[in-house]
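Okay, here's what each chain looks like letter by letter:
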Amino acid sequence: TTQHCMQRENFNLRPLRSDDIPQLHDLQAKLFPVKYPPIFYSRLFMEDYFCVVATCASLMNPMVNEIVGVASARITRNKDKWCLCFGRCFCDAVVVQGYIMTIGVEESYRKQGLGTTLLRLICSNNCGSI
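In short, a report on the structure. (Residues numbered from 1 in each chain as written. Predicted model: local features only at pLDDT ≥ 70, side-chain atom pairs only at ≥ 80, totals over all residues. Heavy atoms only, no water.)

1. Some remarks on the overall build of the protein
Stated precisely, the cut-off is as follows: Strands here are runs of E lasting at least two residues and helices are runs of H or I lasting at least four, both read from the DSSP assignment and numbered beginning at the N terminus. Three exposure classes are used, based on accessible area relative to the maximum for each residue type with a 1.4 Å probe and protein chains only: buried under 20%, partly exposed in between, and exposed over 50%. Whether two residues are in contact is decided by their heavy atoms: any pair within 4.5 Å suffices. Per-residue and other accessible areas follow the Shrake-Rupley method at a 1.4 Å probe size, with only the shown protein chains counted as cover for residues.
The secondary structure content of the protein amounts to three helices and six strands. Out of the 130 residues belonging to the protein, those deemed buried represent 35%. Taking the intrachain contacts of the protein between residues at least 6 apart in sequence as the baseline, contacts between residues at least 24 apart amount to 63%. Accessible surface computed for the protein: about 8,500 Å², of which carbon and sulfur atoms make up 56%.

Listed below in structure tokens is the structure:
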């Protein structure tokens, strides 16, 4: 892929859609040394999971957007019987933890702030839901 979305304004950031899975699978195969099983992609649509993609108009067909970046995360909520917060004990407090599962940008689109934007978006979305 040739770098043709030179400015951040040319990227579209949006939640993952089910019809994105083939493209996302291909992108992640390029980005990460891990081969993700089909269940990984199914879980991205479950409650407490969040996935955002960055798209850009394709050079081959400007009417089609290709996925050039991705960030995915999940939130876990667990009861903690002995949660200490500011030196006080709150019995049965809910401990919320965020976990970034993947974040990556296709090589030819790096150094444009897209990875940082994806990270900020996924963090603000997950922190906003807590």
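Having seen it, we continue.
2. Here we look at unusual backbone geometry
In this structure, Asp48 takes a positive phi of about 75 degrees despite not being glycine. On the secondary structure map, Asp48 appears in the loop between α2 (38-43) and β2 (49-57). Located in the positive-phi region is Lys111, a residue other than glycine, with phi close to 65 degrees.

3. Some remarks on the packing of aromatic side chains
Here is the rule: Any pair of Phe, Tyr and Trp rings, taking the six-membered ring for Trp, is counted once the centres come within 6.5 Å. Such a pair is stacked with planes under 30 degrees apart, edge-to-face with planes over 60 apart, and tilted for the rest.
Following the criterion strictly, the structure yields four aromatic pairs and no others. Arranged with centres 6.0 Å apart and planes meeting at 75 degrees, the rings of Phe11 and Tyr109 form a pair that is edge-to-face. With Phe11 in the segment before β1 (12-15) and Tyr109 in the loop between β6 (93-105) and α3 (114-128), the pair connects residues that are 98 residues apart, well separated along the chain. Taking the relative accessible area as the measure of exposure, Tyr109 reaches 0% and is therefore buried. Seen from their ring centres, Phe40 and Tyr41 are 5.2 Å apart, and the 90 degrees between their planes marks the pair as edge-to-face. Overall, the relative accessible area of 12% leaves Phe40 in the buried class. Through pairs of rings, three or more aromatic residues link up here, namely Phe32, Tyr36, Phe40 and Tyr41.

4. Some remarks on the pattern of salt bridges
Note the following rule: A pair is scored as a salt bridge if a Lys or Arg side-chain nitrogen falls within 4 Å of a carboxyl oxygen belonging to Asp or Glu.
One pass over the full model with this rule turns up three salt bridges. A salt bridge links Glu106 to Lys30, with the shortest nitrogen-to-oxygen separation between them at 3.7 Å. You can see Glu106 sitting in the loop between β6 and α3 and its partner Lys30 sitting in helix α1 (residues 21-31), a full 76 residues away along the chain. In this structure Lys30 comes out as exposed when scored by relative accessible area, which is 58%.

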